[in-house]
Amino acid sequence: TSRSQDLLASRGVQRVEGKLRASVEKGDYYEAHQMYRTLFFRYMSQGKHAEARELMYNGALLFFSYNQQNSAADLSMLVLEVLEKSDTKVEDEMLECLAKLFSLMDPNSPERVAFVSRALKWSTGGSSKLGHPKFHQLLAVILWKEQNYSESRYHFLHSSDGEGCAQMLVEYSSSRGYRTEVDMFVAQAVLQFLCLKNKSSASVVFSTYTDKHPSIEKGPPFVQPLLNFIWFLLLAVDGGKLTVFTVLCEQYQPSLKRDPMYNEYLDRIGQLFFGVPPKQSPSYGGLLVLLFKQISPDGELERSGTARASPLELELRSSETVEDRHH
């Protein structure tokens, strides 16, 4: 029966794994790595996708535990290859396995960038969409732990975890930002979530951040005008009245001038939520390129035709000035 064949197959895999583990433990890394690759191609040619995936995943973890980064990264890529070539469903468990491999990779290695861009692509069924929100959330948390706040922020924006995003931003602003910029960290996140049509995360990121940030007195109303603007904006988005939106943007121009991007975001929000027709201007291309750009497979952030560079330009403008002053 197929069940007993499955059992035999998994016993076979275990026996093989035992041998491979022994050679890694002896320090024969090169030999073991070649053996893993040979088995990978054998299993794939026999259509044994699950075995191939399991063997490569466990092998990658084993190599990581011996700090054999290159072999481990290579087997991690083979895990992705199995996923791409078989019809494995995109489920949380698989996304968690991929996130685990990502977390063990050297943060500065080009392999890590290549791995994550392929994994994101697989997570949305190979489409050019920006990756599965759950996978973005897992990546965001790993990068947050590494204190890579700007990349963490990019992934939080493409997840649905407004609460996690807010907690990360509180830490980012407290450890790297100026007190005068506490309101800018959350304003930018809210505006970007709205540009990505994610109204619920925009609300959650705002309420959690203003609630948990040690330098923000309880509101609304808030001491900082920019926070009041964002609070009113979220209410206006729910109401959808163009006049309210227009008056708000006019009243708060002094606060909105603090970052040249704010008015661009608001033009887009006007189109999405208030039926404002798009302006015929080249700046939109720039903004949308910023919001939707992915990291390209060669590890460079793709340059758009605009002067603005990358999705990480979406990182706090304020933080760039902060980083400059701190370095």
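What counts and what doesn't
Residues numbered from 1 in each chain as written. Predicted model: local features only at pLDDT ≥ 70, side-chain atom pairs only at ≥ 80, totals over all residues. Heavy atoms only, no water. Helix = DSSP H or I, 4+ residues; strand = E, 2+ residues; numbered from the N terminus. Buried < 20%, exposed > 50% of the residue type's maximum accessible area, 1.4 Å probe, protein only. Contact = heavy atoms within 4.5 Å. Areas by Shrake-Rupley, 256 points an atom, 1.4 Å probe, with all protein chains shown as cover. Phe/Tyr/Trp six-rings, centres within 6.5 Å; stacked < 30°, edge-to-face > 60°. Lys NZ or Arg CZ within 6 Å of the ring centre and 35° of its normal. Salt bridge = Lys/Arg side-chain N within 4 Å of Asp/Glu carboxyl O. Core = buried A, V, L, I, M, F, W, Y, C linked by side-chain atoms within 4.5 Å. pLDDT = per-residue confidence, 0-100. Patch = residues over 30% accessible without salt bridge, like charges linked within 9 Å, V, L, I, M, F, W, Y side chains within 5 Å. Lys, Arg positive; Asp, Glu negative; His and termini not counted. Charge placed at Lys NZ, Arg CZ, Asp CG, Glu CD. Axes fitted to C-alpha atoms, helices over the stretch in contact; angles between N-to-C directions. Parallel < 35°, antiparallel > 145°, perpendicular 65-115°, else oblique. Left-handed = near helix turned anticlockwise from the far one by under 90°. Expected span 1.5 Å × (residues − 1).

Observations regarding the overall build of the protein chain
Looking only at helices and strands, one finds 17 helices and zero strands in the protein chain. The buried share among the 327 residues of the protein chain stands at 49%. For the protein chain, restricting intrachain contacts to residue pairs at least 6 apart in sequence, the fraction spanning at least 24 positions comes to 62%. Surface summary for the protein chain: the accessible area is close to 15,900 Å², and the carbon and sulfur share equals 52%.

Observations concerning the packing of aromatic side chains
Under the definition given, this model contains eleven aromatic pairs. Consider the rings of Phe229 and Tyr252, whose centres lie 5.6 Å apart with planes at 55°: the pair is tilted. Of this pair, Phe229 sits in helix H12 (residues 225-239) while Tyr252 is found in the loop between helix H13 (242-251) and helix H14 (253-256), placing the two residues 23 residues apart along the sequence. Pair check on accessibility: Phe229 and Tyr252 agree, each one buried. Relative to Tyr252, the ring of Phe232 lies with its centre 6.5 Å away and its plane at 45°, an arrangement referred to as tilted. Here Tyr252 lies in the loop between H13 and H14 and Phe232 lies in helix H12, a separation of 20 residues in the sequence. An aromatic cluster is defined as three or more aromatic residues linked by ring pairs; in this entry it consists of Phe229, Trp231, Phe232 and Tyr252. It is Arg112 that lies over the ring of Phe102; its NZ or CZ is 3.8 Å from the centre.

Some thoughts on unusual backbone geometry
Of note, the amide linkage connecting Gly219 to Pro220 takes the cis form, showing an omega dihedral of -5°. Across the junction of Pro220 and Pro221, the peptide omega takes the value -10°, indicating a cis bond. Along the polypeptide, Pro221 turns up in the loop between helix H11 (199-212) and H12.

What about the pattern of salt bridges?
All chains considered together, the criterion is met by seven salt bridges. One salt bridge connects Glu146 with Arg112, and the closest N-O pair in it is separated by 2.7 Å. Here Arg112 lies in helix H6 (residues 110-123) and Glu146 lies in the loop between helix H7 (133-145) and helix H8 (149-157), a separation of 34 residues in the sequence. A relative accessible area of 4% means that Arg112 is categorised as buried. Salt-bridge contacts for Lys199 lead to Asp238; the nearest nitrogen and oxygen are separated by 3.2 Å. Of this pair, Lys199 sits in helix H11 while Asp238 sits in helix H12, placing them 39 residues apart in sequence. For Lys199, a relative accessible area of 32% puts it in the partly exposed group.

Side note on the side chain of Gln137
Examined against the element boundaries, Gln137 turns out to sit in helix H7. When its relative accessible area of 19% is taken as the criterion, Gln137 is described as buried. Excluding residues that lie within four positions of it along the chain, Gln137 makes contacts with Ser159 and Asp161.

Details of the nonpolar core
In this structure, Val190, Tyr209, Phe229, Leu233, Leu266 and Ile269 are the most contacted members of the largest nonpolar core, which totals 48 residues. At the level of secondary structure, the elements contributing two or more residues to this core comprise H7, H8, helix H9 (162-176), helix H10 (182-195), H11, H12, H13 and helix H15 (261-274). With eleven residues, H10 is the single largest residue contributor to this core. If near-sequence neighbours (up to four positions away) are discounted, Phe229 is found in contact with Leu248, Cys249, Tyr252, Leu256 and Leu266.

Section: the confidence of the model for the protein chain
Taken residue by residue, the protein chain gives an average pLDDT of 86. The fraction at 70 or more is 81%. Of all the helices and strands in the protein chain, helix H17 (residues 317-326) carries the lowest mean pLDDT, 36, while H11 carries the highest, 98. Segment residues 293-327 is flagged for pLDDT under 50; beyond a separation of four residues in sequence, or across chains, it makes 81 contacts in the model.

Focus on a negative patch on the surface
There is a patch of like negative charges on the surface, built from Glu91, Asp92, Glu93 and Glu96. For Glu91, the position within the fold is in the loop between helix H4 (69-85) and helix H5 (92-104).

Section: the packing of H4 against H5
Between H4 and H5, whose axes approach to 10 Å, the crossing angle comes to 160°. Here H4 is positioned roughly antiparallel relative to H5, judged by the angle of their axes. For the crossing formed where H4 meets H5, the hand is left-handed. Of the residues in H5, those touching H4 at Gln69, Ser76, Val79, Leu80 and Leu83 are Met94, Leu98, Leu101 and Leu104.

Quick notes on helix H3 (residues 49-65)
Along its 17 residues, H3 runs 24 Å from first to last C-alpha, staying within 8% of the 24 Å computed at 1.5 Å per residue. For H3, every residue scored as buried is listed here: Glu51, Ala52, Leu55, Met56, Tyr57, Gly59, Ala60, Leu62, Phe63 and Phe64. Where H3 ends, the next residue or the one after it, Asn67, has phi of about 55°, a positive value.

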